[in-house]
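Here is what each chain is made of, one letter per residue.
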Amino acid sequence: MARLSLAHDLEQYPPPDIHSPGVIPIDITAKFAEAVKTLEPGELVKDGFFSLFESVSALEIMDPKMDSGCVAPGEKFEEEYDVSRKLLPEEVIGIIDELICHEISWHLGYPLSQTLFTSVYVEALSMPDPAKIEEAQFVRSGSSDSNTDPMLQILRAYCLGLLKGCGHEEDFVTNTYNRTLLRRLSTRNVHYALQDAERLLGLLKDEVSENILSGLSARLNLRRIFLEAVASAENTMNFAKAQAPWIEAADVLPVIGKTHALAKAVDDAFSAKLQRKLASTMPPRPIVKLDFKEAFAHLSRMFEDGREAVNVLKYTDSQCLLTFVSTFQTKKPQPLVYVRTLLQTFLFDEMKIVGRMSIRQLLDDDLSIITLPASPLLARSNDEIEVVQDVRFTMSQQMEYFRERAAQPFLDILRTFCQNRCRIRRTLCHLIRDWETLQVDAEDIDHVLQVKTKERPVVHRPSMMSSSNRPVESYTLALSSWTYLYKLRLMETVVQLGFELEVYQPDEHAAMYWYLNYLAKSRLQHAERIKSFVVHRAEQARASPDKDAEVDRQIQRALAYTRLTLLDAAVTWELSDALACLHTILARHKLVRAPARPYSNDELRHDLRMKPFAAIGLPSLPMFAEFTEGSRQPETSSEDLLAYGERALIGARRGFEALSKLSAEESFSVGSHERWVAGVKNGLKSCIATGIAITTLQKALAGLEGKAGEDSDLGLAVEIPTPDKTYHPSWIVPKVTVISN
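Quantities reported herein were computed from a predicted structural model and do not represent experimental measurements.

Here's the deal with the pattern of salt bridges
A full pass over the atoms with the stated rule returns 31 salt bridges. Residues Glu308 and Arg675 are paired through a salt bridge, measuring 1.9 Å at the closest nitrogen-oxygen approach. Placement of Glu308 in helix α10 (residues 292-309) and of Arg675 in helix α22 (residues 673-702) is noted, with a sequence separation of 367 residues between them. Both residues of the pair, Glu308 and Arg675, belong to the buried class. Between Arg523 and Glu492 there is a salt bridge; the shortest N-O distance is 2.5 Å. Of this pair, Arg523 sits in helix α17 (residues 509-543) while Glu492 is found in helix α16 (residues 478-500), placing the two residues 31 residues apart along the sequence.

This is the structure:
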């Protein structure tokens, strides 16, 4: 086959006609073809000094899929499009709209080589790299008429704004192919070019229709607005100024959408041949074609998300900030990479949280909400004590020691939630190990503070889930309690994201919902312990003769957060419990079947699912036997298991209803209350759907009385929906329907 293919290529591509005084060509085609015939099919001839790199290069040469320099017969190597040719106004709109499509394709993850760098106009402006704005022309010759043509000047201004805007987004530019994106040109000069183009449009009122002028003006304004929006990350101290360009875009975008019908496409202005000029080891790739309607929808959504992201600058407290960031990323469709990058910039620019807070302020605010309301441990006055024997000196020293260790894991939570959903889960799997290490350090610091401050234990009643009702004495352990609560929340998030990202197969849902129930129960118990100490602190404040409004505010805030945590943990516990029961019954009656897994078994899958939590000491990792026993409940009948799930659902529904009535302040969702409530209501809908599925199963099981029990056909069909077809992606509720006879 190799021999026949080579002979065919020799016939298709005749030897080149070479004429040079210093070259005497000898045609060896016939001798070479004859020699090839002596080879067996598949046999290769290789010189000893012919390296692997040269071999691969030889295979790439003249292969259109691998060799960017490969030119088809009759094709010119260089792109011959004339960037100096005059354009109709409709053609300028067409080229700009195609550039918008390419820009959005780049935002969606495609490389510049297949998007913006396929434009001959972009290439003409970029290379050679202009050192000043006057050099940034389509034709570098100063005498060219194209440099004064109105339509070309408008297109030039748009391209300058486009490239400069892309250059500002270099945080997520993976490869610029040795193009600088006009780095040497100032943004101010690009703004001047856009203003000149706007003035030029004003001079064309008698020559160009009003609709076309409006469309061109809107597109130039888009570039100006985007440059201002990119610069808004520097205006973290001025919320109104930071949000202004995102709001202004709402007036410009509709005009662009309406005037797209006037556009006239210029396909020749984009060419894959330009990839040959890029510094890249990648083989040539086709131009990415994105429909304008789809691109415009992404563009509109990007400005809408950007306007919403700026709201993160309205800081209320640390928990509202966490809620804002975590719910912002759950939006469907999720915000584009640039918007998420902008959000991260607002959060952490120049080591300032939302542009005005230190990391210490953020941590202290969070500690005061969860475990240390109005605590002397957080008093700033402790820093002024220099007497080593003074207990306040120890407080200051130990708290700073803790902050140094807690700052990075805490900020990593915020940073992680700025990423896409897949990366969030992957990063959290590593992050919970950092929190496990932090908990060990926190326990040591708690012990030191306990001894130095001569803390007295607090007598309180045990958790409602405890087997004993006897009062117990315990110490606050505020820092390790804070750390443990976060660790539990992150572990639950990892499991819930596993459902959302379809990590778990349908036959694994029962076991993983059982484990989620196990984690939520641990969080509920821990939240009740925290609540007892917050209540004790509130009682101390009431008994104090000195009333302080700030102390009272912090205690009330901590009580509100404890109430929210208890509700959230309870609904997670109860709904996951109900879903675990439901999925267990479906598996027990073979309505959900495990696929064939010749290279796996239940124990290996248990090890795989528990791997992210293997390094965690508390809560203890359930062993395979406990995991199997808990998820299958072999000693409990199907009827009893469904009845138990039904009771759990009643509690979950009440919990979700209570959560949905909380105000933004009570739910710690100021700035994102609408998104937070939507998530709660979707959880409530999941409860209702679960209740319907359980009722359908109960009726089917009631009809089996006197029959062969679990091996009998229930006459049901079960569909396990994908996360995007559920009310809430973390709650996969099976659709159970009766098969009609």
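A short note on the packing of aromatic side chains
Scanning the entire structure with this criterion turns up 21 aromatic pairs. Their ring planes at 75° and their centres at 5.7 Å tell us that Tyr81 and Tyr121 sit as a pair that is edge-to-face. A residue pair is termed long-range when its members are at least 10 positions apart, and Tyr81 in the loop between α3 (52-60) and α4 (89-107) and Tyr121 in helix α5 (residues 120-126) qualify at 40 residues. Tyr81 gets classed as buried once you look at its relative accessible area, which sits at 13%. Residue Tyr121 is classed as buried on the basis of its relative accessible area, which comes to 0%. Through pairs of rings, three or more aromatic residues link up here, namely Phe402, Phe410, Trp435, Trp482 and Tyr486. Above the ring of Phe348, the side-chain terminus of Arg415 is found at 4.5 Å from the ring centroid.

Quick notes on empty space enclosed by the protein
Under the defined criterion, the tally for this structure stands at two cavities of 30 Å³ or more. Counted as a void, the largest cavity has a volume near 40 Å³. Surrounding the largest cavity, Thr371, Thr476, Ala478, Ser481, Arg529, Ile530, Phe533 and Val534 form its lining. Looking at the lining of the largest cavity, the elements with two or more residues in it are α16 and α17. The element that contributes the greatest number of residues to the lining of the largest cavity is α17, accounting for four residues. For the second largest cavity, the calculated volume is near 30 Å³. Lining the second largest cavity are Ile370, Leu485, Ala527, Ile530, Tyr561, Thr562 and Thr565. When contributions to the lining of the second largest cavity are tallied by element, the ones reaching two or more residues are α17 and α18 (549-588). Looking at the lining of the second largest cavity element by element, the count peaks at three residues for α18. Class assignment of the residues belonging to the lining of the second largest cavity gives a composition of five nonpolar, two polar and no charged.

With respect to the nonpolar core
Tyr121, Phe303, Leu347, Trp482 and Tyr515 are the most contacted members of the largest nonpolar core, which totals 200 residues. At 15 residues, α18 tops the list of elements feeding residues into this core. When residues of this core are assigned to domains, at least three fall in each of domain 1 (89-312) and domain 2 (315-464 + 472-592 + 608-738). Here Leu347 is in contact with Val312, Leu321, Val325, Lys352, Ile353, Val354, Leu414 and Cys418, once residues within four sequence places are set aside. Grouped together as the second largest cluster of nonpolar side chains are seven residues, Leu524, Ala569, Ala570 and Trp573 included.

So, the side chain of Arg403
Counting through the fold element by element, Arg403 comes out in helix α14 (residues 391-416). A residue is classified by how much of its surface remains accessible, and Arg403, at 5% relative accessible area, is buried. Side-chain polar atoms of Arg403 contact the side chain of Glu400, separated by 3.1 Å. Apart from the residues lying within four places of it in its own chain, the contact partners of Arg403 are Arg360, Leu363, Asp364, Leu377 and Leu378.

Here we look at the confidence of the model for the protein
The predicted model of the protein has a mean per-residue pLDDT of 88, with 89% of residues at 70 or higher. Within the protein, no element has a lower average pLDDT than helix α1 (residues 2-12), which sits at 46, and none a higher one than α16, at 97. Across residues 1-10 the pLDDT falls below 50, and counting only partners more than four positions away or on other chains, this stretch makes nine contacts in the model.

Topic: unusual backbone geometry
The amide bond that connects Lys332 to the next residue, Pro333, takes the cis arrangement and shows omega of -10°. Positionally, Pro333 belongs in the loop between α11 (318-328) and α12 (337-348). Backbone geometry at Leu477 places phi at a positive 50°, although glycine is not the residue there. If you trace the backbone, Leu477 turns up in the loop between β2 (472-474) and α16. Since its relative accessible area comes to 32%, Leu477 is described here as partly exposed. In the Ramachandran plot, Gln633 falls in the positive-phi region, its phi being about 45° despite a non-glycine side chain. Of note, Gln633 is situated in the loop between α20 (624-632) and α21 (638-660).

Criteria and cut-off values
Residues numbered from 1 in each chain as written. Predicted model: local features only at pLDDT ≥ 70, side-chain atom pairs only at ≥ 80, totals over all residues. Heavy atoms only, no water. Salt bridge = Lys/Arg side-chain N within 4 Å of Asp/Glu carboxyl O. Helix = DSSP H or I, 4+ residues; strand = E, 2+ residues; numbered from the N terminus. Buried < 20%, exposed > 50% of the residue type's maximum accessible area, 1.4 Å probe, protein only. Phe/Tyr/Trp six-rings, centres within 6.5 Å; stacked < 30°, edge-to-face > 60°. Lys NZ or Arg CZ within 6 Å of the ring centre and 35° of its normal. 1 Å grid on protein atoms, 1.4 Å probe; cavity = no way out; pocket = protein on both sides within 12 Å on 5 of 7 lines; lining within 4 Å. Points joined across faces, edges and corners; volume = space filled by probe spheres on them. Nonpolar A, V, L, I, M, F, W, Y, C, P; charged D, E, K, R; others polar. Core = buried A, V, L, I, M, F, W, Y, C linked by side-chain atoms within 4.5 Å. Domains from an automatic or database assignment. Contact = heavy atoms within 4.5 Å. Polar contact = N/O pair within 3.5 Å; in protein donor to acceptor, adjacent residues only side chain to side chain. pLDDT = per-residue confidence, 0-100.

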